[in-house]
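Letter by letter, the chains look like this.
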Amino acid sequence: MNQKEILEKVDHTLLTQTATWAEIKQICDDAVHYGTVSVCIPAAYVKRAKEYVGEKMAVCTVIGFPNGYTTTAAKVFEAKDAIQNGADEIDMVINLGYVKDGLYNLQLEEIKQVKAACGNHILKVIIETCLLTEEEKIKMCEVVTASGADYIKTSTGFSTAGATFEDVALFKEHVGPNVKIKAAGGIKTMEDAEKFISLGASRLGTSRIIKLIKNEEAHGY
């Protein structure tokens, strides 16, 4: 798999709390230059970023992020607000308390409501795999499949660990054909990226792949 094919699956991400407009602008420029599928940025920057990139790049943002325990109504509002501001894609965090309490029906309803708010826009559901048991991960594969969401996503990158090869393989085994897979958090090398893709991920959330490429270019590799 060549570099271009990997980049076409990358959501170029900057979600640090201290992210400035200058930094957001830079990742937008890099995303356009290197041909990633989107930029994934904080909601407060969506309007400005979309005005800046126009149709040259999809803008993705996160809601209920990173803890997931805001109310369903708040997540629905966040999704609608982001889309009105120009977001093309939404990555939402589930309510992990619902999962731990076995309230999968409430989690399913929440995702359905956020998907309805997204309309035709892509919705990715972050289940934060590092905080779940294998049984809970499998159950969430079923919930996301039933919800009408477009993707199941491993991680926020803000918890105890990020994506693992095992989790992506588990997703591939248990999600329905209507659900795609996004691996995010801790993807550091092109080899990692290629392995995640080979296991079934069709999106990668990472800030490091482009940094890696730029570093190689700067050193003439």
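Computed from a predicted structure; not experimentally measured.

**Examining the pattern of salt bridges**
In the structure shown here, the tally under the stated rule is 17 salt bridges. Here Asp167 ties to Lys137 by a salt bridge, and the two come within 2.8 Å at their closest N and O atoms. In this pair, Asp167 is assigned in helix H8 (residues 165–174) and Lys137 in helix H7 (residues 134–147), connecting sequence segments 30 residues apart. Between Glu142 and Lys139 there is a salt bridge, with its nearest N and O atoms 3.6 Å apart. Here Lys139 and Glu142 lie together in helix H7, a separation of three residues that amounts to about one turn.

**Regarding the side chain of Asn95**
As for its placement among the helices and strands, Asn95 is situated in the loop between strand E4 (89–93) and helix H5 (96–100). What makes Asn95 buried here is its relative accessible area of 11%. At 3.0 Å, the side chain of Asn95 and the backbone nitrogen of Gly97 are in polar contact.

**Thoughts on the environment of Ala116**
Mapped onto the elements, Ala116 comes out in helix H6 (residues 104–118). Given the relative accessible area of 62%, Ala116 is considered exposed.

**Describing the packing of helix H4 (residues 72–84) against H6**
With their axes 9 Å apart at the nearest point, H4 and H6 run at an angle of 20 degrees to one another. With respect to H6, the axis of H4 lies roughly parallel. Viewed along their axes, H4 and H6 form a crossing whose handedness is right-handed. From H4, Thr72, Lys75, Val76, Ala79, Lys80 and Ile83 reach across to H6, where they touch Glu110, Gln113, Val114, Ala117 and Cys118. Of the residues in the contact of H4 with H6, the class split is six nonpolar, two polar and three charged.

**Structural notes on the sheet that holds strand E5 (residues 122–126)**
Across a sheet, strands are paired by hydrogen bonds formed along the backbone, either parallel or antiparallel in direction. In spatial order, the strands read E1-E2-E3-E4-E5-E6-E7-E8; together these eight strands close into a barrel with parallel pairing. With direction set aside, neighbouring strand axes in the sheet form an average angle of 25 degrees. In the sheet, strand E7 (residues 180–184) pairs with strand E8 (residues 203–206) via three bridges, with the strands oriented parallel. Residue Ala184 lies in a different strand from E8, and its bridge partner there is Gly205. Across the sheet, helix H2 (residues 21–34) is in contact with strand E1 (10–13) and strand E2 (38–41); its angle to E2 comes to roughly 160 degrees.

**Digging into the pairing of E1**
Residue alternation in E1 divides its side chains into two sets, Val10 and His12 and Asp11 and Thr13, and both sets are buried. Sheet topology note: the E1/E8 ladder contains three bridges and is parallel. Each residue of the ladder has a partner; that of His12, found in E8, is Thr206. Bridge count between E1 and E2: three bridges; the pairing is parallel. Looking at E2, one finds that Thr13 is bridged to Cys40. Remark: the E1/H2/E2 crossover connection has right-handed handedness.

Calculation notes
- Residues numbered from 1 in each chain as written.
- Predicted model: local features only at pLDDT ≥ 70, side-chain atom pairs only at ≥ 80, totals over all residues.
- Heavy atoms only, no water.
- Salt bridge = Lys/Arg side-chain N within 4 Å of Asp/Glu carboxyl O.
- Helix = DSSP H or I, 4+ residues; strand = E, 2+ residues; numbered from the N terminus.
- Buried < 20%, exposed > 50% of the residue type's maximum accessible area, 1.4 Å probe, protein only.
- Polar contact = N/O pair within 3.5 Å; in protein donor to acceptor, adjacent residues only side chain to side chain.
- Axes fitted to C-alpha atoms, helices over the stretch in contact; angles between N-to-C directions.
- Parallel < 35°, antiparallel > 145°, perpendicular 65-115°, else oblique.
- Left-handed = near helix turned anticlockwise from the far one by under 90°.
- Contact = heavy atoms within 4.5 Å.
- Nonpolar A, V, L, I, M, F, W, Y, C, P; charged D, E, K, R; others polar.
- Pairing = 2+ DSSP bridges.
- Right-handed = clockwise from strand over helix to strand, strands pointing away.

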